[in-house]
Amino acid sequence: MNSAGHSEATAPRGLELTPFRGLRYDPDRVGNLAAVTSPPYDVVVRPDGLHHLQDSDPHNIVRLILPQATSPAARNEQAAETLRRWVAEGVLTTDRDPGLYVYEQDDGDGMLQRGVIGALRVSDPADGVVLPHEDVMPHVVADRAALMRATSANLEPLLLTYRGEERTTATAKLIERTAGQPPLLATTTDDGFSHRLWSLTDPADLAAIRSDLSGQQALIADGHHRWATYRRLRAEHPSPSPWDHGLVLLVDTVRYPLRVRAIHRLLHTLPVADAVAALDGLFRVRRLEVTLTEARSALAEASRAGNAFLLAGDGAFHLVDRPDPDLLARTVPAEHPAAWRTLDATVLHATLLDHVWHIPEDSPAHIAYIHDTAATVEKAERDGGTAVLMHPVREEVVRDLARQGVTMPRKSTSFGPKPASGLVLRALER
């Protein structure tokens, strides 16, 4: 693997995607590939989802990405031991030749995504090659770093997007050509998505992709904490080393636009009645006795005029909009661009969480970040907390802010479909 030092004075010019020897499940050992896959670690947030995945197959990838034990150290050692055992038993096998992997997801209803999985050279935000758009929580980065150190592996790919030229590029041609060939693996997961994976090992193909991507810039669509983890681990290991690169899926969103969804908040210790009472005189609040679908439609309509949120947890929905301009002027930092100051996530964190409700945004005891809308509402109703439902941000807003070097509040967006974990792993060979 080519691993030029990250301490070089010259910053990377563009994306450098490197072949690697993928670590993959042996279909003859696990039988049903769908049963060993999982959503990314931060999407599996509820115990019932975790237990379902664990029970679906004794070799489900969730046993590596979310090991269960009595302490963080025990969890990480358990994951490392599980990985070693699965490799020794032949449950996971290493591909013979280094390659890049073409990956396809198709829901059968018009959502088709194709991209390339490889080991991407890790860079810093100042290099302008891989652009983050959200802040990260230090304790999550520390947790992921400890797991990667213990396993010496990239267990699941990040999702990065780039904007290919309107003309057909070499990478696009190779992806389309490859998708017409028999895949290495094919499976359909419970969410209805079919997954197919191919390997590209021909030196000419790999060189074409390397050249094609060398002038490109990528946006982190999903995986900010894991990218920050890659950067931390790279800094810990003298270069050149395998830690100079990290596992990613690159998708050209000119050809394959992603869905952008919101990530919701669950406030564990704040009942809905208290949340609503604190908003008196600061926001307009309307109680809606409607279905979740109708409430989300009302939120979308209100969001066209400005900041809007839905509160839930007491059997109804409360539409919160029209913030007091003086309140925003006092609470939202003025040094950022207008596009950042007017984000729903900015107003939620700077105004509502910090100023009105006094909820610490980085405390798992007080707040959870959940992708599934219905699950957020159900848990709030069950536990007596408050669900704060968000309206999604457009991708172009995210990209424009990232290019300005402006990060959004943490967990502001959910791009998808996300790559399934468990289809290909990267072991960091010493």
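Here, the structure is the one placed above.
Report follows, based on the coordinates. (Residues numbered from 1 in each chain as written. Predicted model: local features only at pLDDT ≥ 70, side-chain atom pairs only at ≥ 80, totals over all residues. Heavy atoms only, no water.)

This next bit is on the nonpolar core. Where a protein is soluble and globular, its nonpolar side chains tend to be buried together. Of all hydrophobic cores here, the largest spans 109 residues; its most connected members are Tyr25, Ile117, Trp227, Leu250, Phe309 and Trp357. If you tally residues by element for this core, the top one is helix H13 (residues 344-356), at 7 residues. Each residue touching leucine 250, except ones within four places of it in the same chain, is listed here: Leu15, Leu17, Gly115, Val116, Leu160, Tyr162, Leu213 and Ala218. Within the second largest apolar cluster, 16 residues are counted, among which are Ala295, Ala312, Ala368 and Ala380. (Core = buried A, V, L, I, M, F, W, Y, C linked by side-chain atoms within 4.5 Å. Buried < 20%, exposed > 50% of the residue type's maximum accessible area, 1.4 Å probe, protein only. Helix = DSSP H or I, 4+ residues; strand = E, 2+ residues; numbered from the N terminus. Contact = heavy atoms within 4.5 Å.)

Bringing the pattern of salt bridges into the picture now. A side chain with one charge can pair with a side chain of the opposite charge if their charged atoms come near. Evaluated as defined, the whole model comprises 27 salt bridges. In this structure, arginine 287 engages aspartate 314 in a salt bridge whose closest nitrogen and oxygen atoms are separated by 3.6 Å. One end of the pair, arginine 287, is in strand E15 (residues 284-288); the other, aspartate 314, is in the loop between strand E16 (308-312) and strand E17 (317-321), and 27 residues separate them in sequence. What makes arginine 287 partly exposed here is its relative accessible area of 48%. Salt bridges sharing partners connect three or more residues here, namely Glu104, Arg114, Glu176 and Arg196. (Salt bridge = Lys/Arg side-chain N within 4 Å of Asp/Glu carboxyl O.)

A few words now on helix H5 (residues 138-151). End to end, H5 covers 20 Å across 14 residues, agreeing with the expected 20 Å (1.5 Å per residue, within 8%). Of the surrounding elements, those touching the buried residues of H5 are helix H3 (62-65), helix H4 (72-89), strand E7 (153-154) and helix H8 (224-236). (Expected span 1.5 Å × (residues − 1).)

Read across the sheet, 6 strands follow the order E15-E17-E16-E19-E14-E18 without closing on themselves; strand pairing throughout is antiparallel. With one partner strand each, in any of the chains shown, E15 and strand E18 (367-370) form the two edges of the open sheet. Pairs of neighbouring strands in the sheet enclose a mean axial angle of 25°, with direction left out of account. For strand E14 (residues 264-267) and strand E19 (residues 386-389), the ladder comprises 3 bridges, and the chain directions are antiparallel. Note that in E19 the partner of leucine 267 across the bridge is threonine 386. Of the strands in this sheet, E15, E16, E17 and E19 touch helix H10 (residues 292-303), which is tilted by about 155° from E16. Against the sheet, helix H14 (residues 373-383) makes contact with E14, E16, E17, E18 and E19, and its axis sits at roughly 160° relative to E19, the strand it touches most. (Pairing = 2+ DSSP bridges. Axes fitted to C-alpha atoms, helices over the stretch in contact; angles between N-to-C directions.)

This part takes up the side chain of aspartate 244. With respect to the helices and strands, aspartate 244 occurs in the loop between H8 and strand E12 (245-252). Arginine 121 is the oppositely charged side chain nearest to the buried, salt-bridge-free aspartate 244, at an N-O distance of 4.6 Å. Among the polar contacts listed, one links the side chain of aspartate 244 to the side chain of serine 239, at a separation of 2.7 Å. (Lys, Arg positive; Asp, Glu negative; His and termini not counted. Polar contact = N/O pair within 3.5 Å; in protein donor to acceptor, adjacent residues only side chain to side chain.)

Our next topic: the environment of leucine 158. Summarising the element assignment, leucine 158 is placed in strand E8 (residues 158-162). Residue class for leucine 158 comes out buried when judged on its relative accessible area of 0%. The spacing of leucine 158 and leucine 53 is 105 residues in sequence and 20 Å in space, taken between C-alpha atoms.

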